[in-house]
Amino acid sequence: MIGQRTSVTWVIAKHVLISGIAFVMLYPILWMLGSSFKPGHMIFTETWFWPKEWNWQNYMTGWSGIQGNPFSRFLTNSIVLSLGAVLGNVISCSMAAYAFARLNFRFKAICFGLMLMTIMLPHHVTLIPQYILFNHLEWVNTYLPLVVPKWLATDAFFIFLMVQFFRGLPKELDEAATIDGCGPVRIYTKIIIPLAFPALVTTMIFTFLWTWDDFFSQLIYLSDVSKYTVPLGLRLFLDSSSQSDWGPMFAMSVLSLVPCFIVFIVCQKYFVEGIATSGLKG
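Residues numbered from 1 in each chain as written. Predicted model: local features only at pLDDT ≥ 70, side-chain atom pairs only at ≥ 80, totals over all residues. Heavy atoms only, no water.

Visitor: Outline the overall build of the protein chain, supporting the account with residue identities and numerical values.
Guide: Each helix and strand in the protein chain was counted, giving 13 helices and zero strands. Each helix (α) and strand (β) of the protein chain, taken in turn from the N terminus, gives the series α-α-α-α-α-α-α-α-α-α-α-α-α. For 282 residues, the compact-globule estimate of 2.2 N^0.38 gives 19 Å, and the protein chain exceeds it by more than 25% at 24 Å. When each of the 282 residues of the protein chain is scored for burial, the buried share is 40%. In the protein chain, of all internal contacts separated by at least 6 residues, the share reaching a separation of at least 24 is 69%. (Helix = DSSP H or I, 4+ residues; strand = E, 2+ residues; numbered from the N terminus. Rg over C-alpha atoms; globule rule 2.2 N^0.38 Å. Buried < 20%, exposed > 50% of the residue type's maximum accessible area, 1.4 Å probe, protein only. Contact = heavy atoms within 4.5 Å.)

Visitor: Describe the state of the cysteines, with residues and values.
Guide: As enumerated under the stated definition, the model contains zero disulfides in all. For C111, which is in no disulfide, the shortest distance to another cysteine sulfur is to C93 and amounts to 16 Å. Since its relative accessible area comes to 33%, C111 is described here as partly exposed. (Disulfide = S-S within 2.5 Å.)

Visitor: Tell me about the packing of aromatic side chains, and please be specific about residues and values.
Guide: Using the criterion set out here, one finds 23 aromatic pairs in the structure. Judged by centre distance (5.1 Å) and plane angle (40°), the ring pair of F37 and Y59 falls under tilted. Of the two residues, F37 is situated in the loop between helix 1 (2–35) and helix 2 (57–63) and Y59 in helix 2; the sequence distance between them amounts to 22 residues. In this pair, the class of F37 matches that of Y59, namely buried. Summarising the aromatic geometry, the rings of F208 and W212 are spaced 5.5 Å apart at their centres and angled 25° between planes, so their arrangement reads as stacked. (Phe/Tyr/Trp six-rings, centres within 6.5 Å; stacked < 30°, edge-to-face > 60°.)

Visitor: Hey, could you go over the environment of F250 for me, with residue numbers and the actual values?
Guide: Here F250 is to be found in helix 13 (residues 246–279). The buried category is assigned to F250, whose relative accessible area is 9%. It is 19 Å that separates the C-alpha atoms of F250 and V24, two residues lying 226 residues apart in sequence. Apart from residues no more than four positions distant in its own chain, F250 is found in contact with W31, M32, S35, S36, I43 and F44.

Visitor: A description of the packing of helix 9 (residues 184–195) against helix 10 (residues 197–213) should follow, citing residues and the corresponding values.
Guide: Relative to each other, helix 9 and helix 10 sit at 70°, their axes nearing to 5 Å. Taken together, the axis directions place helix 9 and helix 10 in an arrangement best described as roughly perpendicular. Each of I193, P194 and L195 in helix 9 lies in contact with helix 10, whose residues at this interface are F197, P198 and L200. When its residues are assigned to classes, the contact of helix 9 with helix 10 shows six nonpolar, no polar and no charged. (Axes fitted to C-alpha atoms, helices over the stretch in contact; angles between N-to-C directions. Parallel < 35°, antiparallel > 145°, perpendicular 65-115°, else oblique. Nonpolar A, V, L, I, M, F, W, Y, C, P; charged D, E, K, R; others polar.)

Visitor: Quick rundown of the UniProt feature "transmembrane region" (unreviewed entry) in the protein chain? Include the residues and the values.
Guide: UniProt tags residues 12–33, 79–100, 112–132, 152–170, 191–212 and 246–267 as "transmembrane region" (unreviewed entry). The annotated region residues 12–33 carries 100% helix and 0% strand content, and the separation between its end C-alpha atoms amounts to 29 Å. Along residues 246–267 one finds 100% helix and 0% strand; the C-alpha atoms at either end are 32 Å apart. (UniProt positions renumbered as here; feature names shortened; annotations may be inferred.)

Next up, the structure:
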(Lines give C-alpha, C1' and ligand atoms only; values in the text may rest on other atoms or scores of the structure.)
Protein backbone atom coordinates (compact mmCIF):
# COMPACT_ATOMS: atom_id res chain seq x y z
CA MET A 1 0.00 0.00 0.00
CA ILE A 2 2.82 2.41 0.90
CA GLY A 3 4.59 1.56 -2.34
CA GLN A 4 1.44 2.30 -4.35
CA ARG A 5 0.98 5.67 -2.62
CA THR A 6 4.61 6.55 -3.30
CA SER A 7 4.18 5.61 -6.94
CA VAL A 8 1.01 7.72 -7.29
CA THR A 9 2.68 10.66 -5.53
CA TRP A 10 5.67 10.42 -7.85
CA VAL A 11 3.44 10.34 -10.95
CA ILE A 12 1.51 13.40 -9.75
CA ALA A 13 4.70 15.28 -8.90
CA LYS A 14 6.17 14.41 -12.30
CA HIS A 15 3.11 15.67 -14.14
CA VAL A 16 3.03 18.86 -12.07
CA LEU A 17 6.69 19.48 -12.84
CA ILE A 18 6.23 18.84 -16.57
CA SER A 19 3.15 21.08 -16.63
CA GLY A 20 5.10 23.85 -14.90
CA ILE A 21 7.98 23.59 -17.36
CA ALA A 22 5.52 23.59 -20.29
CA PHE A 23 3.80 26.70 -18.91
CA VAL A 24 7.11 28.54 -18.58
CA MET A 25 8.06 27.62 -22.16
CA LEU A 26 4.66 28.61 -23.56
CA TYR A 27 4.30 31.78 -21.49
CA PRO A 28 5.76 34.11 -24.19
CA ILE A 29 3.16 32.82 -26.67
CA LEU A 30 0.40 33.13 -24.07
CA TRP A 31 1.57 36.66 -23.28
CA MET A 32 1.50 37.59 -26.97
CA LEU A 33 -1.97 36.07 -27.35
CA GLY A 34 -3.24 37.97 -24.31
CA SER A 35 -1.56 41.21 -25.44
CA SER A 36 -3.39 40.99 -28.75
CA PHE A 37 -6.62 41.62 -26.82
CA LYS A 38 -5.28 44.35 -24.51
CA PRO A 39 -5.54 48.11 -25.04
CA GLY A 40 -2.23 49.67 -26.03
CA HIS A 41 -1.60 51.34 -22.66
CA MET A 42 -1.95 48.02 -20.78
CA ILE A 43 0.35 45.81 -22.85
CA PHE A 44 3.63 46.70 -21.14
CA THR A 45 2.20 47.64 -17.76
CA GLU A 46 0.91 44.13 -16.96
CA THR A 47 3.08 41.03 -16.76
CA TRP A 48 0.18 38.56 -16.51
CA PHE A 49 -1.02 37.36 -19.89
CA TRP A 50 -4.76 37.37 -19.11
CA PRO A 51 -6.21 40.77 -20.14
CA LYS A 52 -8.33 42.73 -17.70
CA GLU A 53 -9.95 44.56 -20.59
CA TRP A 54 -10.71 42.83 -23.89
CA ASN A 55 -10.06 44.93 -26.97
CA TRP A 56 -11.17 43.20 -30.18
CA GLN A 57 -10.40 46.34 -32.15
CA ASN A 58 -6.74 45.28 -32.41
CA TYR A 59 -7.65 42.50 -34.84
CA MET A 60 -9.84 44.74 -37.00
CA THR A 61 -7.22 47.48 -37.07
CA GLY A 62 -4.42 45.06 -37.86
CA TRP A 63 -6.38 43.28 -40.59
CA SER A 64 -7.11 46.59 -42.31
CA GLY A 65 -3.34 46.84 -42.76
CA ILE A 66 -1.02 49.78 -43.03
CA GLN A 67 0.11 52.20 -45.73
CA GLY A 68 -2.88 51.27 -47.86
CA ASN A 69 -2.07 47.55 -47.88
CA PRO A 70 -4.40 45.13 -46.03
CA PHE A 71 -2.72 42.44 -44.00
CA SER A 72 -4.38 39.82 -46.19
CA ARG A 73 -2.02 40.93 -48.97
CA PHE A 74 1.00 40.19 -46.79
CA LEU A 75 -0.43 36.76 -45.96
CA THR A 76 -1.05 36.02 -49.64
CA ASN A 77 2.49 37.08 -50.55
CA SER A 78 3.96 34.82 -47.87
CA ILE A 79 1.85 31.86 -48.98
CA VAL A 80 2.87 32.28 -52.64
CA LEU A 81 6.53 32.69 -51.73
CA SER A 82 6.52 29.74 -49.31
CA LEU A 83 4.77 27.40 -51.74
CA GLY A 84 7.26 28.27 -54.48
CA ALA A 85 10.16 27.58 -52.14
CA VAL A 86 8.60 24.31 -50.92
CA LEU A 87 8.03 22.96 -54.44
CA GLY A 88 11.54 23.98 -55.50
CA ASN A 89 13.27 22.34 -52.56
CA VAL A 90 11.25 19.13 -52.72
CA ILE A 91 11.84 18.61 -56.46
CA SER A 92 15.44 19.77 -56.82
CA CYS A 93 16.82 18.43 -53.53
CA SER A 94 15.18 15.02 -54.03
CA MET A 95 16.70 14.76 -57.51
CA ALA A 96 20.16 15.69 -56.22
CA ALA A 97 19.80 13.28 -53.31
CA TYR A 98 18.77 10.48 -55.65
CA ALA A 99 21.89 11.07 -57.74
CA PHE A 100 24.17 10.95 -54.69
CA ALA A 101 22.45 7.96 -53.10
CA ARG A 102 21.72 5.71 -56.09
CA LEU A 103 23.74 6.72 -59.16
CA ASN A 104 27.44 6.27 -59.85
CA PHE A 105 29.37 9.04 -61.60
CA ARG A 106 32.87 10.52 -61.63
CA PHE A 107 33.91 12.69 -58.69
CA LYS A 108 30.79 11.65 -56.78
CA ALA A 109 32.56 11.60 -53.40
CA ILE A 110 34.23 14.96 -54.02
CA CYS A 111 30.97 16.59 -55.08
CA PHE A 112 29.18 15.15 -52.05
CA GLY A 113 31.91 16.47 -49.73
CA LEU A 114 31.74 19.92 -51.29
CA MET A 115 27.98 19.88 -50.92
CA LEU A 116 28.29 19.07 -47.22
CA MET A 117 30.82 21.87 -46.76
CA THR A 118 28.23 24.41 -47.87
CA ILE A 119 26.17 23.55 -44.78
CA MET A 120 28.89 25.17 -42.65
CA LEU A 121 29.04 28.26 -44.88
CA PRO A 122 27.19 31.20 -43.25
CA HIS A 123 24.50 32.81 -45.36
CA HIS A 124 26.00 36.25 -44.80
CA VAL A 125 29.20 35.24 -46.60
CA THR A 126 27.38 34.75 -49.90
CA LEU A 127 24.84 37.54 -49.42
CA ILE A 128 26.75 40.34 -51.16
CA PRO A 129 27.86 38.27 -54.22
CA GLN A 130 24.31 36.94 -54.59
CA TYR A 131 22.84 40.42 -54.34
CA ILE A 132 25.22 41.74 -57.01
CA LEU A 133 24.30 38.82 -59.28
CA PHE A 134 20.56 39.24 -58.80
CA ASN A 135 20.87 42.99 -59.25
CA HIS A 136 22.56 42.47 -62.64
CA LEU A 137 19.73 40.10 -63.56
CA GLU A 138 17.24 42.82 -62.49
CA TRP A 139 15.62 40.45 -60.05
CA VAL A 140 15.79 42.77 -57.03
CA ASN A 141 12.35 43.77 -55.71
CA THR A 142 10.89 40.51 -57.04
CA TYR A 143 10.39 37.07 -55.52
CA LEU A 144 12.84 35.45 -57.96
CA PRO A 145 15.95 35.74 -55.71
CA LEU A 146 13.99 34.04 -52.93
CA VAL A 147 12.45 31.25 -55.04
CA VAL A 148 14.74 30.44 -57.98
CA PRO A 149 17.70 29.23 -55.83
CA LYS A 150 15.34 26.71 -54.22
CA TRP A 151 14.85 25.13 -57.65
CA LEU A 152 18.61 24.68 -58.03
CA ALA A 153 19.15 22.41 -54.99
CA THR A 154 21.02 25.03 -52.96
CA ASP A 155 19.90 23.75 -49.53
CA ALA A 156 22.49 21.10 -48.72
CA PHE A 157 20.78 20.21 -45.44
CA PHE A 158 17.75 18.77 -47.23
CA ILE A 159 19.91 16.98 -49.79
CA PHE A 160 21.83 15.28 -46.99
CA LEU A 161 18.61 14.42 -45.15
CA MET A 162 17.11 12.72 -48.20
CA VAL A 163 20.38 11.00 -49.12
CA GLN A 164 20.32 9.32 -45.72
CA PHE A 165 16.72 8.25 -46.29
CA PHE A 166 17.34 6.95 -49.82
CA ARG A 167 20.32 4.91 -48.62
CA GLY A 168 18.00 3.10 -46.22
CA LEU A 169 15.79 1.85 -49.05
CA PRO A 170 16.66 -1.64 -50.38
CA LYS A 171 18.71 -1.50 -53.57
CA GLU A 172 17.00 -4.69 -54.69
CA LEU A 173 14.05 -2.50 -55.67
CA ASP A 174 16.26 -0.63 -58.15
CA GLU A 175 17.66 -3.90 -59.53
CA ALA A 176 14.20 -5.40 -60.00
CA ALA A 177 12.98 -2.26 -61.74
CA THR A 178 16.05 -2.26 -64.00
CA ILE A 179 15.33 -5.86 -65.01
CA ASP A 180 11.79 -4.77 -65.91
CA GLY A 181 13.22 -2.12 -68.21
CA CYS A 182 13.02 0.97 -66.00
CA GLY A 183 15.66 3.65 -66.32
CA PRO A 184 16.90 6.02 -63.59
CA VAL A 185 14.09 8.52 -64.21
CA ARG A 186 11.32 5.94 -63.85
CA ILE A 187 12.98 4.40 -60.80
CA TYR A 188 13.12 7.86 -59.24
CA THR A 189 9.49 8.75 -60.01
CA LYS A 190 7.82 5.36 -59.57
CA ILE A 191 9.78 3.79 -56.70
CA ILE A 192 11.95 6.22 -54.76
CA ILE A 193 9.58 9.18 -54.47
CA PRO A 194 6.53 7.19 -53.22
CA LEU A 195 8.68 5.45 -50.59
CA ALA A 196 10.39 8.70 -49.54
CA PHE A 197 7.17 10.50 -48.60
CA PRO A 198 8.17 11.03 -44.91
CA ALA A 199 11.49 12.64 -45.91
CA LEU A 200 9.72 14.82 -48.47
CA VAL A 201 7.19 15.97 -45.86
CA THR A 202 10.02 16.83 -43.47
CA THR A 203 11.62 18.93 -46.21
CA MET A 204 8.29 20.60 -46.91
CA ILE A 205 7.71 21.52 -43.27
CA PHE A 206 11.18 22.92 -42.66
CA THR A 207 11.19 24.86 -45.93
CA PHE A 208 7.74 26.30 -45.28
CA LEU A 209 8.57 27.40 -41.73
CA TRP A 210 11.98 28.83 -42.61
CA THR A 211 10.60 30.74 -45.59
CA TRP A 212 7.54 31.93 -43.69
CA ASP A 213 9.66 33.24 -40.80
CA ASP A 214 12.49 34.65 -42.92
CA PHE A 215 12.91 38.38 -42.35
CA PHE A 216 16.48 39.20 -43.35
CA SER A 217 16.51 37.89 -46.93
CA GLN A 218 13.10 39.33 -47.71
CA LEU A 219 14.15 42.68 -46.28
CA ILE A 220 17.22 42.71 -48.54
CA TYR A 221 15.46 41.92 -51.81
CA LEU A 222 11.97 43.43 -51.40
CA SER A 223 11.44 47.19 -51.36
CA ASP A 224 7.88 47.59 -52.63
CA VAL A 225 5.42 47.52 -49.72
CA SER A 226 2.79 45.78 -51.85
CA LYS A 227 5.20 42.83 -52.21
CA TYR A 228 5.99 42.59 -48.49
CA THR A 229 5.50 39.29 -46.70
CA VAL A 230 4.18 38.72 -43.18
CA PRO A 231 7.48 39.41 -41.30
CA LEU A 232 7.99 42.68 -43.19
CA GLY A 233 4.32 43.59 -42.83
CA LEU A 234 4.50 43.15 -39.06
CA ARG A 235 7.52 45.45 -38.97
CA LEU A 236 5.42 48.25 -40.48
CA PHE A 237 3.38 48.47 -37.29
CA LEU A 238 6.51 49.61 -35.41
CA ASP A 239 7.83 53.12 -35.86
CA SER A 240 10.93 54.29 -34.00
CA SER A 241 10.10 57.97 -34.63
CA SER A 242 6.46 57.95 -33.54
CA GLN A 243 3.90 55.83 -31.73
CA SER A 244 3.91 52.10 -32.51
CA ASP A 245 0.73 50.04 -32.86
CA TRP A 246 1.68 47.21 -30.53
CA GLY A 247 -1.84 45.84 -30.13
CA PRO A 248 -2.54 45.33 -33.86
CA MET A 249 0.99 44.00 -34.34
CA PHE A 250 0.49 41.32 -31.67
CA ALA A 251 -2.94 40.51 -33.12
CA MET A 252 -1.50 39.95 -36.60
CA SER A 253 1.42 38.02 -35.08
CA VAL A 254 -1.10 35.59 -33.60
CA LEU A 255 -2.81 35.19 -36.99
CA SER A 256 0.55 34.67 -38.70
CA LEU A 257 1.21 31.66 -36.46
CA VAL A 258 -1.97 29.89 -37.53
CA PRO A 259 -0.62 28.53 -40.88
CA CYS A 260 2.51 27.24 -39.10
CA PHE A 261 0.44 25.39 -36.51
CA ILE A 262 -1.85 23.93 -39.17
CA VAL A 263 1.06 22.67 -41.29
CA PHE A 264 2.81 21.10 -38.31
CA ILE A 265 -0.30 19.48 -36.84
CA VAL A 266 -1.39 18.00 -40.18
CA CYS A 267 2.09 16.70 -41.06
CA GLN A 268 3.35 15.86 -37.57
CA LYS A 269 3.20 12.08 -38.08
CA TYR A 270 5.29 12.16 -41.25
CA PHE A 271 7.60 14.80 -39.82
CA VAL A 272 8.60 12.62 -36.87
CA GLU A 273 8.93 9.57 -39.13
CA GLY A 274 11.09 11.46 -41.60
CA ILE A 275 13.46 12.71 -38.90
CA ALA A 276 13.71 9.28 -37.27
CA THR A 277 14.39 7.41 -40.50
CA SER A 278 16.73 9.89 -42.17
CA GLY A 279 18.41 12.17 -39.68
CA LEU A 280 19.62 9.38 -37.42
CA LYS A 281 20.80 6.86 -39.98
CA GLY A 282 24.48 6.41 -40.59
